[in-house]
Amino acid sequence: MASATKLRILGQRSLQALPALVGIIIVTFVLTRALPGDPAVYFAGPAADARSIAEIRKQLGLDRTLIEQFGIYLRQLAQGDLGQSISTGQPVIKELVNRLPASIELTLVALLLSALVAIPLGILAATRPDTWVDHLCRFVTTAGVSLPTFFTGILLVYVFYYLLGWAPAPMGRLNVMYLSPPHVTGFFTIDALLAGDLETLRATLAQLILPATTLGLFTLAPLARMTRGSMLQVLGSDFVRTARAAGLSGRKVLFTYAFRNALLPVITTLGMVFSFTLGANVLVEKVFAWPGIGSYAIEALVVSDYAAVQGFVLAMAILFVALNLVIDVAYTLVDPRVGIEG
Amino acid sequence: MQARKDGLAMPVAIQAEPVVPKRETGVSRWLRHVRHVLTSNPVTLLAFVLLTVILSAAILGPALVPYDPLQTNASQQMKPPSWAHWFGTDQLGRDVFSRVVVAARLDLIISVAAVALSFVFGSALGAVSGYFGGWCDKLVGRLCDTIMAFPLFVLAMGIVAALGNTVDNIIYATAIINLPFYVRMARAEVNVRRNAGFVQAARLSGNSDWRILALHIFPNALPPMMVQISLNMGWAILNAAGLSFIGLGVRPPTPEWGIMVAEGANYIVSGEWWLAVFPGLALMLAVFTFNLLGDGLRDIVDPQRRT
Amino acid sequence: MRRRSFISGTGAVVVGAEMLPFLKSSAAWAQATDTIVVAIGNTINSLDLHRVGTNRPAYQVTINCYDRLVTFGAKSQPDGTLVYDYNKIEGELAESWETAADGLSITFKLKKDAKFWDGTPVTAEDVKWSFDRAVAVGGFAATQMKAGGLEKPEQFEALDPLTFRVKLLRKSKLSLPDIAVPVPFILNSKVGKANVSEKDPWATEYFHRTAAGSGAYKVERWDPGQQIVYVRNDDWKGGKLPAIRRVIVREIPAQATRRALIERGDIQMAFEISAKDAKELKEKGSAVVVGAPIDNCMHVLCPNFNFEPFKDKRVRQAIAFALPYEQILNQAAYGRGAAMWGGKSTEPADISWPQPFPYKTDIDKAKDLLGQTPFKAGFEVPLSFDLGTAEWGEPTALLIQEGLAKIGIKATIDKIPGANWRTVALVEKKLPLHLDNFGGWLNTPCYYFYWAYIKGALFNSVNYEDAEMAKLVEETLHIASDDPAYAPKIKRMIAKAFDEVPRIPLWQPYLDSAIRKDVAGYSSWYHRQPDFRVLQLKKA
Amino acid sequence: MTALPLLHVSDLTVEFQTRNGTVTAVSSVDLTVAKGETVGIVGESGSGKSVTSYAVMRILDRAGRIADGTVTFSGIELHNADDEVMREIRGREISMIFQNPRAALNPIRRVGEQIEDVLRQHAQATSRNAREKAIDLLRLVRINDPEARYLAFPFELSGGMCQRIIIAIALACRPRLLIADEPTTGLDVTTQKAVMDLVVELTRAREMSTVLITHDLGLAAQYCDRIVVMEKGRVVETAPARRIFRAPEHPYTQRLMSATPRPGITLRDLLPNRPEAAAPPPKWQRSPDATEKPILSVVDLVKEYPRAGAKARGAESAGAFRAVDGISFDILPGESVGLVGESGCGKSTTSAMVMRLLDPTSGTIRFEDRDIGAIPAKNFARDPARSRLQMVFQDSTDSLNPRFTAFRAIADPLYRIGGVTREAQARAQVERLADQVVLPHDLLDRFPHQLSGGQKARVGIARAIALEPALLVLDEPTAALDVSVQAIVLNLLADLKAELGMSYLFVSHDLNVVRLLCDRVIVMQAGRIVEQASAEEIMTSPRDAYTRELLAAVPRPPV
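Residues numbered from 1 in each chain as written. Chains lettered and ligands numbered in written order. Predicted model: local features only at pLDDT ≥ 70, side-chain atom pairs only at ≥ 80, totals over all residues. Heavy atoms only, no water.

Trainee: Residues and numbers for the overall build of chain A, please.
Mentor: When helices and strands are tallied, chain A shows 13 helices and zero strands. When the helices and strands of chain A are read in sequence order from the N terminus, they spell out α-α-α-α-α-α-α-α-α-α-α-α-α. Dimensions along the principal axes, computed over C-alpha positions, put chain A at roughly 85 × 55 × 40 Å. Within chain A, buried positions represent 63% of all 342 residues. Long-range contacts, defined here as pairs at least 24 residues apart, represent 73% of the contacts in chain A between residues at least 6 apart. Roughly 12,600 Å² of accessible area belongs to chain A as shown, and the carbon and sulfur atoms make up 70% of that amount. If the 24 positive side-chain charges of chain A are averaged to one point and the 20 negative ones to another, these points end up 10 Å apart. (Helix = DSSP H or I, 4+ residues; strand = E, 2+ residues; numbered from the N terminus. Buried < 20%, exposed > 50% of the residue type's maximum accessible area, 1.4 Å probe, protein only. Contact = heavy atoms within 4.5 Å. Areas by Shrake-Rupley, 256 points an atom, 1.4 Å probe, with all protein chains shown as cover. Lys, Arg positive; Asp, Glu negative; His and termini not counted. Charge placed at Lys NZ, Arg CZ, Asp CG, Glu CD.)

Structure follows, in structure tokens:
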């Protein structure tokens, strides 16, 4: 009975996301139209006269009323057409498909790095609350979240690339001398592995390290904090006491009993941090010339590139919904109670 | 997504007899409590000391600094830190130290105003939807979902780009993207308390729903929200800095940490590290302070932590 | 279909023709001495200059991958750097050309052996199609063509496969130079015609993604927003075969990163670097800085005539005397520019343009001038600049703000994002006080005035209107520069510009790029794009 | 008593580091448990009984430590044994069961696996036969269909079943000593009896020793050989179970004894120094007068909840779950009616509806001749009847706003409904109320967490009577209190009723308590009233089977 219930719940959750998506579509449309500047003028290029601007306005459909424009946008959307970006001159959907894996790969690696550091730190702090270890953990992770990512990024580039020469040139996902691996998933690390090309894999990872560290530093604090908090709570709970009273080994108590329970809120945080990071890495992408959707969005926004901004936000929203679904699934896997108790 | 408190309940077995000294005035009792919170945790103490430093810079800064933060000086362009210019000078020969100190006020205003706005509106919406539930709850929930599904920084960028890059708009944008956090938190905190015994008791005492919400439930939801408030103050500053980095920050020549870091970041590679590093440190210190402040603030507002 | 990675690639737009195997290992790559890596700060958004919406950085594709009939030659600067020579027109696809006696037509003879990349010969039909396209598609291309008197397809005629004639509407000194600008580039019309549709008669969608020309470089790979890779067309007939076989142009948005890359030697060229980097790299010697003042271009402060106080000439002059020019040039442009102030006389000595205006920093005089006006108590005015030019715009604006404050004018600084800039500054022309950096492609003073001092002209963002000026421009625009009537009229124009200062010049900027020591042959162009065809790599 | 005790605790002192300095939770406790013996540790909250057991198991919080004394188990010194040794002993030699069984199990691990964990930790099973052994254990603790239950998660089991799982875990490795820390607190009496009987049966069969920690003297007396009474961290008396009831020696034990409700006594008997001399018990018990008009009349009251959750009970009606299923009863002026039943029987729902905090699905509630059931709960705050209907809540901690001082809590209804506007006026009235509930005035400025349980209960009562209501609903007002405090509060309630002439609707699970205070008793089961009679009748000659079962399950001290 449980699995069917759970499936139904997951279905409901994804349906619940629909109003939010509709909201996103409307808000984005209005927001982009509120952006200053006239794309027709921008599109017309330098030295365009009033007539050619008017022509282009017509061509872009900007001479119609907002309602009409919205209708056209919806119709195109229904056909899976996100329009064409002005700033890169490519169909938005294609750009997103190309760039999304870059952003996701970066974010995932960053989160992985971050989780690998933050979760053990959080556990360590929780097992020694209010000691110097705890304070140190808090201090270190908080320091990480206290710097603007672009600043950390440039600083890392300066030290590890410019001064020390340890890191490769911050020129995107792969150094110029490498060829991107055969496209399967769009994740260079995975594609390189699939192709068995270890050298490209190494090069890809090398490019990833600095931006991922930059982002990872930023996400350390929420993860460590949540891990510590929920571990503390679980370690103080009755069932951990029962387990200890039953003589289970410290390792078993800490991991099988305490940590698995403490993981639940950590998963939620991880999901939130993921979507937050995906949105926030726009700045990091800019510093590292990372061809992700974040840098794409910034450029698009600055030049009032309606289609690109709309496409980007929509993609992010869908991703966000999908992510929540993944969290729900993860939650369901870890917690048998999902859907049974409120 | 539920909010969990990370506090640890007191060991079950030791409910030591509450010891309360004789009659005290509310203020002195509160001060004693504050002192206790501060001394019990070195990190919190540090945070409050830093906060004092930042606050005094914000209040007294313009009176204290050695130079006019806006005064350019052709002969003092890009000078490294020295006795005359502790933090060096920038491209236009302005004194970086003076600018960093004076910027404290604006940055504090941005973060406090943004957080205050999102706190007031967010917690009010959240409290109402958590208490009354029903269509109001649904509506507010959808609103939050919509905001949350946006990549938040990009939403802030969009708002500032659309409305124009003034301090006011930066504050509004920051407030809007922080809104859902308060809504959800207030909703959750109110929701768990809406049928608590003391709320029922308040109903029996003839309190109206609004009064119960405002005077009985809401104040009790405050302590956990304090943590969120202080975290968000830090975010607000970082957010403003990020906006500056892409050129949507406050207008020059107003000194602001974010814009100074953003502009200075371009000079790191060419060796003028002081342009970005000092405002960066100030910014980090402020964000750091706010982040560490949370637990302390929560303990101060929470009467249960009082002895 | 997923075999060769860079064909299916991550959405790479790849041009057909021969595929050279990419070197996979870094060691092998480092040995490749005929490849350079170039960093640019902007995005190339199309391969087709004619297409509406193509941005300025994309012009480099046209310059390197397509040929024109004619182009400008080059000359050496005193410091050894090369710049284009406006007065020297050379053939690219044209072997020779002849202007009719009445000056109303030019006949071009094409090079016999010139071939497109697909091996088909370049014919006059292709030229005709390309010219027709340039005037027909509209937008910037048509506007630029019009400046040279090239407006209608009927003007263009393919006499025989190797002869092409342009009929001119009027005799103009601008016509031939206008044929030498990047706009009238020659596309492979056979490929083009094969890809037209009813909605798209000029195959803009096709050429947007695919280049098909006869130029020195082929587009090997284009990842929009990331990089473009050029590979040499060994069969090029337009000029001397380029020395560099492959050029990889990477888009690196962060300026600090570009600087780090060039200093570390991971790239061979950082195109369009900031004035500060130029100055410092030059001093440091960690890279070679190449650059020259941009012809016919000035950074100016524009007081808008729509704004009441600026209608008064004395207010504008007062401002021109209040600006801290020296400081601006040193602190905002790091000295990388030619002074445009401190002219000796209110009458221009010659017709060179741009030339220093007879103003200098003189606060007393400024106060005096302002004191004669109803605005002696001062006023408030927003001072705007384009966010995209914040690099120099912001410090300049700050210094101007300070200078104006000294005579009681309170300026508030307003950064305007790129998208909005063109709308409010150039189209609506409603910014009261702003910075501008217009430069004319065709290097004559009348051309500059045509764009910037005539009512309604795009770059006349101050709404300056003067009947005499309009008449002078009209009279000088097309006549030859050695015409005896020309110089006096130009002098009059410049004198008016001195006196009425609708645009207050600050300095003439440089276009600087940084190259590694082993790269040679860089040449600066009015169109502010890199020309990779002339570069060489010195063997270590 | 055998010569060598299995467990010997000597001079044990446990200290905790708190913000207010060091607190000594247990001081100089001596305790022995012989082989096969069942020892009860009895005491009220804060007596240190649980801490003593934690110290024996060495599972004190980080803040706590054994400051002094020795703990010897079968010759091994536990107080300074290293962690390795202790892990071997825990679960294998000494095991422990806790109160709140549901929370004591890992919520996201199958119960079978949790049993296996222990078996395998102590090498009682291999990966091959662990499952089999775990199922055997489930069978041992009388869990039906153990193969299926092996796969269950704790949330899928009832509280009683969870406690059986805990027992299975505790007994898995055949330990020699079982420490049961309030094992049945929070369980219904019938479940409590079943669980305790099971524990006794299993430990006896295995010749195990047992330490039963409880606040319930009756329970201890019924199941223990010997009883240790603790007060404020010290052992005040140790004696065989029978003797301690017959002839308690220590004054504290005597107080505890007398305060424990039991058949055949009156309310005043609960108090240690019977104040008969000072004030004879008021005539508060009244005989029902059929002609009198009831103050409250409930007819066919129904409350349905939509079946969102997969609640097992009441699953027959497809659409909704009926928490209260058509009940009718009256309360006469000045009458005290008890509403008794086990958890989930609908008694709290009923009281909430009567209180107009909850809207009934159908049925009428007539109060003082008005159908107040028709007035929506959310509007009732402004109804004139509001002041006439008040309530004392079960959990006095939960029912006091943590941010309100005692004064503000009591003054709140005075300001809101009582028409008081001035601070001085409120102060005077609150102080008068404080006097009525015997609450020292200096406590009025404290926050709830600075008050003891009894004090909080008094604040709650003072608040409830501030408006001089006609009907007071008492929802398990003493359930969370120690017996000695309960005794005082119950007497206080009786006095107040006599003084103010209120009617009481007393909701409780404890028949012994109800009997003491109530004229009439209503017994509820599964949303229905199964029996309604005078208190004496119910106690002496219950008619309904369920009532009889309830009565039988109440622990009876050997008087």
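Trainee: Now, about the overall build of chain C: what can you tell me, with residues and values included?
Mentor: Helices and strands together make up the secondary structure of chain C, namely 18 helices and 21 strands. A compact globule built from 540 residues would reach a C-alpha radius of gyration of about 24 Å, and chain C, at 24 Å, matches this within 12%. The principal-axis extents of the C-alpha atoms in chain C amount to approximately 75 × 55 × 45 Å. A buried classification covers 65% of the 540 residues belonging to chain C. Within chain C, counting contacts between residues at least 6 apart in sequence, those at least 24 apart form 71% of the total. Summed over its atoms, the accessible surface of chain C is roughly 19,000 Å², and 51% of this surface lies on carbon and sulfur atoms. Taken as two groups, the 70 positive and 64 negative side-chain charges of chain C have centres that lie 3 Å from each other. (Rg over C-alpha atoms; globule rule 2.2 N^0.38 Å.)

Trainee: Summarise the nonpolar core; cite the residues concerned and give the values.
Mentor: With 197 residues, the main nonpolar core has F150(A) and W257(B) as its most contacted residues. Domain assignment of the residues forming this core places at least three in each of domain 1 (17-78) and domain 2 (101-293) of chain A. Setting aside chain neighbours within four positions, we find W257(B) in contact with V100(B), A103(B), A104(B), D107(B), I237(B), P279(B), A282(B), L283(B) and A286(B). Listed in part, the 178 residues of the second largest apolar core include L254(A), V51(D), A259(D) and V420(D). (Core = buried A, V, L, I, M, F, W, Y, C linked by side-chain atoms within 4.5 Å. Domains from an automatic or database assignment.)

Trainee: Any details on the sheet that holds strand β3 (residues 82-91) of chain C? Residues and values, ideally.
Mentor: Residues and elements named next belong to chain C. Here three strands make up an open sheet; going across it, the order is β2-β3-β20 and the pairing mixed. Looking along the sheet, the strands with just one partner apiece sit at the ends: β2 (70-76) and β20 (523-524). Inspection of the sheet shows β2 paired to β3 by seven bridges, in the antiparallel sense. Across the sheet, residue A74 finds its bridge partner in β3, namely Y84. (Pairing = 2+ DSSP bridges.)

Trainee: A description of the layout of surface pockets should follow, citing residues and the corresponding values.
Mentor: Size it by volume and the second largest pocket reaches roughly 1,300 Å³. In this structure, the second largest pocket is lined by 39 residues; those nearest its centre are F43(A), Q59(A), L60(A), G61(A) and Q84(A). At the level of secondary structure, the elements contributing two or more residues to the lining of the second largest pocket comprise α2 (39-44), α3 (50-59), α4 (66-78) and α13 (306-334) of chain A together with α8 (204-209) of chain C. (1 Å grid on protein atoms, 1.4 Å probe; cavity = no way out; pocket = protein on both sides within 12 Å on 5 of 7 lines; lining within 4 Å. Points joined across faces, edges and corners; volume = space filled by probe spheres on them.)

Trainee: Can you tell me about the interface of chain A and chain C, naming the residues and giving the values?
Mentor: The interface is formed by 52 residues belonging to chain A together with 56 residues belonging to chain C. Taking both sides of the interface into account, the surface hidden between chain A and chain C amounts to around 4,800 Å²; carbon and sulfur atoms contribute 59%. For the pair chain A and chain C, the interface holds seven residue pairs in polar contact (both at pLDDT 80 or more). Mapped by element, the contributors of at least two residues to the side of chain A that touches chain C are α2, α3, α5 (92-127), α7 (149-163) and α11 (250-287) of chain A. The residue makeup of the side of chain A that touches chain C, split by class, is 31 nonpolar, 14 polar and seven charged. (Buried area = accessible area lost by both parts, 1.4 Å probe. Polar contact = N/O pair within 3.5 Å; in protein donor to acceptor, adjacent residues only side chain to side chain. Nonpolar A, V, L, I, M, F, W, Y, C, P; charged D, E, K, R; others polar.)

Trainee: Let's hear about helix α12 (residues 293-302) of chain A: which residues, and what values?
Mentor: Burial within α12(A) is extensive, with eight of its ten residues counted as buried. Listed as buried for α12(A) are I293(A), G294(A), S295(A), Y296(A), A297(A), I298(A), A300(A) and L301(A). Packing partners of the buried residues in α12(A) comprise α5, α11 and α13 of chain A together with α5 (152-163) of chain B.

Trainee: Which residues make up the packing of helix α4 (residues 134-149) of chain B against helix α6 (residues 167-193) of chain B, and what are the values?
Mentor: Helix-helix packing is characterised by the crossing angle of the two axes and by the distance between the axes. Residue and element names in this part refer to chain B. Where α4 contacts α6, the two axes come as close as 9 Å, and the packing angle between them is 140°. Taken as axis vectors, α4 and α6 run oblique relative to one another. Both α4 and α6 take part in a crossing whose hand is left-handed. Here D137, V140, C144, D145, I147 and M148 of α4 come into contact with α6, specifically with I176, I177, L179, P180, F181, V183, R184 and R187. By residue class, the composition of the contact of α4 with α6 is ten nonpolar, no polar and four charged. (Axes fitted to C-alpha atoms, helices over the stretch in contact; angles between N-to-C directions. Parallel < 35°, antiparallel > 145°, perpendicular 65-115°, else oblique. Left-handed = near helix turned anticlockwise from the far one by under 90°.)

Trainee: Which residues make up the interface of chain A and chain B, and what are the values?
Mentor: Counting residues at the interface gives 51 residues for chain A, matched by 50 residues for chain B. Both sides together, the interface formed by chain A and chain B hides about 4,800 Å², and carbon and sulfur atoms give 77% of it. Contact with chain B buries area across many residues of chain A, yet R138(A), F150(A) and R225(A) alone supply 13% of it, more than any other trio. The interface formed by chain A and chain B holds two residue pairs in polar contact (both at pLDDT 80 or more) in total.

Trainee: Lay out the pattern of salt bridges with the relevant residues and their values.
Mentor: All names here are of chain D. The full count for this structure, using the stated rule, is 72 salt bridges over all chains. The residue R370 makes a salt bridge to D383 at a minimum N-O spacing of 3.0 Å. Highlighted residues: R370 in strand β15 (residues 370-371) and D383 in the loop between β15 and β16 (389-392), separated in sequence by 13 residues. R370 gets classed as partly exposed once you look at its relative accessible area, which sits at 34%. (Salt bridge = Lys/Arg side-chain N within 4 Å of Asp/Glu carboxyl O.)

Trainee: Describe the domain arrangement of chain A, listing the residues and the values that go with them.
Mentor: Under the domain assignment used here, chain A contains domain 1 (17-78) and domain 2 (101-293). Placing the centre of domain 1 of chain A and that of domain 2 of chain A at their C-alpha centroids yields a distance of 39 Å.

Trainee: Give a detailed account of the pairing of strand β7 (residues 177-181) of chain D, specifying residues and quantitative values.
Mentor: All names here are of chain D. With five of five residues buried, β7 lies mostly within the body of the structure. Alternating residues of β7 divide into L177, I179 and D181 and L178 and A180, and every residue in both groups is buried. Summarising the sheet, strand β6 (residues 94-97) and β7 pair through four bridges and their orientation is parallel. Looking across to β7, one finds that I97 is bridged to A180. Sheet topology note: the β7/strand β8 (residues 209-214) ladder contains five bridges and is parallel. For I179, the partnering residue across the bridge sits in β8 and is V211. Once the chain exits β7 it traverses helix α7 (residues 189-205) before rejoining the sheet at β8, and the crossover so formed is right-handed. (Right-handed = clockwise from strand over helix to strand, strands pointing away.)

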